[in-house]
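# Report on the structure
Each chain, written out:
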Amino acid sequence: MTPPTFLMVRPDNFYVKYSINPWMHPKEWQSSLNQTAIEQWEQLKTIIENAEGKVIVEYDKPGCPDMCFVANAGLVFNNRGLLSLFAYPERQKEEAHWHDIFDRLHLTKVQDILATGRHIPFEGAGDCLWDAQRKMFWIGYGIRSDNEAKWPVLETFGQSSVGLKLIDPLFYHLDMAMCILPHGDILWYPPAFESISGSWIKERANIPVSVSDALAFACNMVAVNDTLIFHNEMSEALQVDLIRMGYTLRPTDLSAFIKSGGAAACLTLRLDNTL
Ligand code: ARG
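So, here's what we can say about the structure.

## Remarks on the pairing of strand β3 (residues 74-77)
Of the two faces of β3, the one carrying Gly74 and Val76 and the one carrying Leu75 and Phe77 are both buried. Connecting β3 to the antiparallel partner strand β4 (residues 80-83) that follows it, the hairpin turn spans 2 residues, and Asn78 within it adopts a positive phi of roughly 50°.

## As for the layout of surface pockets
Empty space among the atoms becomes apparent when a probe as large as a water molecule is rolled across them. Empty space within the largest pocket amounts to approximately 960 Å³. Forming the walls of the largest pocket are 37 residues, and the residues nearest its centre are Trp130, Ile180, Ala223, Arg270 and Asn273. Secondary structure elements with two or more residues in the lining of the largest pocket: β3, β6 (128-131), β9 (178-180), β12 (222-224) and β15 (269-270). Looking at the lining of the largest pocket, its residues break down into 26 nonpolar, 7 polar and 4 charged. Put simply, the second largest pocket is a space of about 180 Å³. Broken down by class, the residue content of the lining of the second largest pocket amounts to 5 nonpolar, 3 polar and 2 charged.

## A short note on the state of the cysteines
One pass over the structure, following the stated rule, counts 0 disulfides. The closest cysteine sulfur to the non-disulfide-bonded Cys64 is located on Cys68, 11 Å from its own sulfur. Its sulfur unpaired, Cys219 is 6.9 Å from the next cysteine sulfur, which belongs to Cys179.

What counts, and where the lines are drawn
- Residues numbered from 1 in each chain as written.
- Predicted model: local features only at pLDDT ≥ 70, side-chain atom pairs only at ≥ 80, totals over all residues.
- Heavy atoms only, no water.
- Buried < 20%, exposed > 50% of the residue type's maximum accessible area, 1.4 Å probe, protein only.
- Helix = DSSP H or I, 4+ residues; strand = E, 2+ residues; numbered from the N terminus.
- Pairing = 2+ DSSP bridges.
- 1 Å grid on protein atoms, 1.4 Å probe; cavity = no way out; pocket = protein on both sides within 12 Å on 5 of 7 lines; lining within 4 Å.
- Points joined across faces, edges and corners; volume = space filled by probe spheres on them.
- Nonpolar A, V, L, I, M, F, W, Y, C, P; charged D, E, K, R; others polar.
- Disulfide = S-S within 2.5 Å.

Here's what the structure looks like:
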């Protein structure tokens, strides 16, 4: 059996250079954080590998300080890769590099979004979560990705999706407000969603998280088998719930990346999701 496989991009060029979400304050960035970020990233990689995940490493490019947030590169499913079209010019610079990386991964590369001739922003696995139990995608839209992104997702992967409108700029990607746990339970932060979307997921999502857990990136977890890896500020109460549900927890310090508005899930792209 192939192990859970992730792409990670080493943050050699990572820093907060611009502000495209409310977490980013370029003036507060200190150069000592560059080294901290690399150490925190290495630690995350080691934890994934110790949980028996496989990590494929790629490298970021100068001038693309957010490339380590590889969840936004695109969406990979059944060995096909749907490349992202970024909402902001600051990250559009990454698109050509993701083309090359997807080629090196031997993915059947698709860019149906461009083929429509319209610019439909879609920020990949950051806004599109595969739900293996329900055999569908959940797509977050309204801040970075467009609601229309559901069409290329359907065409590319042949799987249906449910769109959830995101309304709070602090939770600008779906992976910051929702997490599908390996046993099928769904962790979510209700106020991040428009109420109609909220009522839709309420029936399926059973673990609402508090505002302080949401702000500590509790929903932004990586799951490797039954191990959950996340930034180390999750409340004890939520950790106890997750342990009771049968998970092994691996908190780790990702504070340098939080300064850019990202944590564990954002730093990984799952490559082996399939039906
Ligand atoms: N600074 C990056 C941005 O604003 C952070 C991306 C976080 N990624 C994620 N999947 N939530 O685009």
